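# Descriptive structure summary
One-letter residues, chain by chain:
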Amino acid sequence: MPVTKPRGRRPTIDDVAREAGVSRGTVSRVLNGGHWVSEPSRAQVDRAIRVTGYRINPHARSLATSRTGSVGFLLTESYERFFADPNFLQILRACADALAEHGMTLVLIMADTLEERRRATEYLTGGHVDGALVVSSHRDSQEFLATLLEANLPVISAGVPLGFEASVGYATADDEGGARTMITYLRDKGRSRLVHIAGPQDTSGGTARLRAFRELMGDEFSEELVAYGDYGRESGRKAMRELIARDVAFDGVFCANDLMAAGAMDVLRSAGIEVPEDVAVAGFDDAPVALETDPPLTTVHQPFDRVSGEMVRLLLDEIDGRAAGRVTLPTRIVERGTV
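Parameters and conventions
Residues numbered from 1 in each chain as written. Predicted model: local features only at pLDDT ≥ 70, side-chain atom pairs only at ≥ 80, totals over all residues. Heavy atoms only, no water. Helix = DSSP H or I, 4+ residues; strand = E, 2+ residues; numbered from the N terminus. Buried < 20%, exposed > 50% of the residue type's maximum accessible area, 1.4 Å probe, protein only. Contact = heavy atoms within 4.5 Å. Pairing = 2+ DSSP bridges. Axes fitted to C-alpha atoms, helices over the stretch in contact; angles between N-to-C directions. Core = buried A, V, L, I, M, F, W, Y, C linked by side-chain atoms within 4.5 Å. Arc of directions from axis to C-beta. Polar contact = N/O pair within 3.5 Å; in protein donor to acceptor, adjacent residues only side chain to side chain. Parallel < 35°, antiparallel > 145°, perpendicular 65-115°, else oblique. Left-handed = near helix turned anticlockwise from the far one by under 90°. Nonpolar A, V, L, I, M, F, W, Y, C, P; charged D, E, K, R; others polar.

If you check an unreviewed UniProt entry, the protein chain appears there as LacI family DNA-binding transcriptional regulator from Demequina litoralis.

Take Val160: it is sitting in the loop between β4 (155-158) and β5 (169-173). Given the relative accessible area of 22%, Val160 is considered partly exposed. Not counting residues up to four positions away in its chain, the partners in contact with Val160 are Glu165, Tyr170, Thr172 and Ser204.

To continue, consider the sheet that holds β4. Taken in spatial order, the six strands line up as β2-β1-β3-β4-β5-β11 in an open sheet, and their pairing is parallel. Each edge of the open sheet is held by one strand with a lone partner, namely β2 (105-110) and β11 (326-329). Adjacent strand axes in the sheet meet at a mean angle of 15°, parallel and antiparallel pairs treated alike. Pairing between β4 and β5: three bridges, direction parallel. Each residue of the ladder has a partner; that of Ala158, found in β5, is Ala171. Sheet strands touched by helix α6 (residues 86-100): β1 (70-75), β2 and β3 (132-135). Its angle to β1, the strand with the most contacts, is close to 170°.

On to the nonpolar core. Counting 43 residues, the largest nonpolar core has Leu186, Ile197, Phe213, Met240, Val253, Phe254 and Val281 as its most contacted members. Elements supplying a minimum of two residues to this core: α9 (175-188), β6 (194-198), α10 (204-217), β7 (226-228), α11 (233-245), β8 (252-255), α12 (258-270) and β9 (280-282). Ranked by residue count, the leading element in this core is α12, at six residues. Setting aside residues no more than four positions away along its own chain, Val281 makes contact with Val253, Cys255, Ala261, Met265, Leu268, Val275, Leu297, Thr298, Thr338 and Val339. Formed by 27 residues, the second largest nonpolar core is a distinct cluster that contains Phe82, Val135, Ala171 and Leu314.

Moving on, we get to helix α8 (residues 143-150). For α8, the complete set of buried residues consists of Phe144, Leu145 and Leu148. Seen from one end, α8 has its buried residues packed into an arc of 105°, which puts them on one side. The elements touched by buried residues of α8 are β1, α7 (114-124), β3 and β4. Just beyond α8, the residue with positive phi is Asn152, at close to 60°.

Take the sheet that holds β6 next. In space, the four strands of this open sheet follow the order β7-β6-β8-β9, with parallel pairing throughout. Since the sheet does not close on itself, it has two edges, and those belong to β7 and β9, each with one partner. Between one strand axis and the next, the sheet turns by 15° as a mean value, whatever way the strands run. Pairing geometry for β8 and β9, over three bridges, is parallel. If you follow Gly252 over to β9, its bridge partner there is Ala280. Contacting β6, β7 and β8, α11 runs over the sheet at an angle of about 145° to β6.

With respect to the helices, strands and loops of the structure, Ser204 is situated in helix α10. A residue is classified by how much of its surface remains accessible, and Ser204, at 14% relative accessible area, is buried. Among the polar contacts listed, one links the side chain of Ser204 to the backbone oxygen of Val160, at a separation of 3.3 Å. Those residues within four positions of Ser204 in sequence are excluded, and the remaining contacts are Gly159, Val160 and Leu162.

This part is about the packing of α9 against α10. α10 packs onto α9 with a crossing angle of 40° between their chain directions and a minimal axis gap of 8 Å. Overall, the two elements α9 and α10 adopt an arrangement that is oblique. Handedness of the crossing formed by α9 with α10: right-handed. Taking contact as the criterion, the partners of Asp175, Glu176, Ala179, Arg180, Ile183, Thr184 and Arg187 in α9 are, on α10, Gly205, Ala208, Arg209, Arg211, Ala212, Phe213, Glu215, Leu216 and Met217. When the residues that make up the contact of α9 with α10 are grouped by side-chain class, the tally is seven nonpolar, two polar and seven charged.

Where helix α1 (residues 13-20) meets helix α3 (residues 39-52), the axes come as close as 8 Å, and the angle between the chain directions of the two elements is 120°. Considering the angle they form, α1 stands oblique to α3. As for how α1 packs across α3, the hand of that crossing is right-handed. When α1 is examined against α3, the residues Asp15, Val16, Glu19 and Ala20 are found in contact with a partner set consisting of Gln44, Val45, Arg47, Ala48, Ile49, Val51 and Thr52. The residue makeup of the contact of α1 with α3, split by class, is six nonpolar, two polar and three charged.

Following this line, the structure appears as structure tokens:
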């Protein structure tokens, strides 16, 4: 006789098996990924789970599989940067959604200071998570990666982890390729005197975008054409003031991200320099701020949703015992009104 939702007790696998008319082993295989189960049997089990109201006991599953069902999301930035830069929130949300499809939980861990990274490392290696997604890791603050690797914790980085390229898997957008495409685009639009507002040089994105600028400028390159920021809007303002103060003639500015480009536009407007009539401005990321500038910002689109999905896929592969993978995804130019 079919089993409806049992009263007074938690439904069991046996209840699901009776309702579905299959063996207990078939139900177990469906719950653990559906391997070696026919589609009709899987459909019967899925229906029986809904009818009985069966829920997986995460504690029991953890004991049986030695897994927690949780993944750490380690962000090595300040709280201010996390809330100011929407890219972090976009990656966090996309990773959480991708993991939820596998019944897994994402745990956000902020670790800006050395002490915070020490505590985060202790937590991550303490058996609380099955792996870690590392976001915005700076070269000089990556001592924790060695500890995580020594503990055999599966780790995937957002962006190339400088100094750990051969040992840590990663998913990234094509920073150098995207920068090259944008610089070429600016030149094709008749902008022959370019300057660059570079990102932090202890990050893979900052170094790759500057490398593209230096190589494409060739013999025309000089350090006077570059000012540095920290990816924040205020640092873009400061860098733009520096470039203007150097009295370097320029008709185009390639910025390593959109927030700094927005800051540069603030300064240009205050100086009476029209965008794009006098100076073209290009960014990188295609962040929400690119639609808020006046005029809207021409930029390089990073596929953050795809990067996040690849991060989760690569991490789950590692958790299942496969070798660390590395994926680089293409970027594209989004033409708006600043070039």
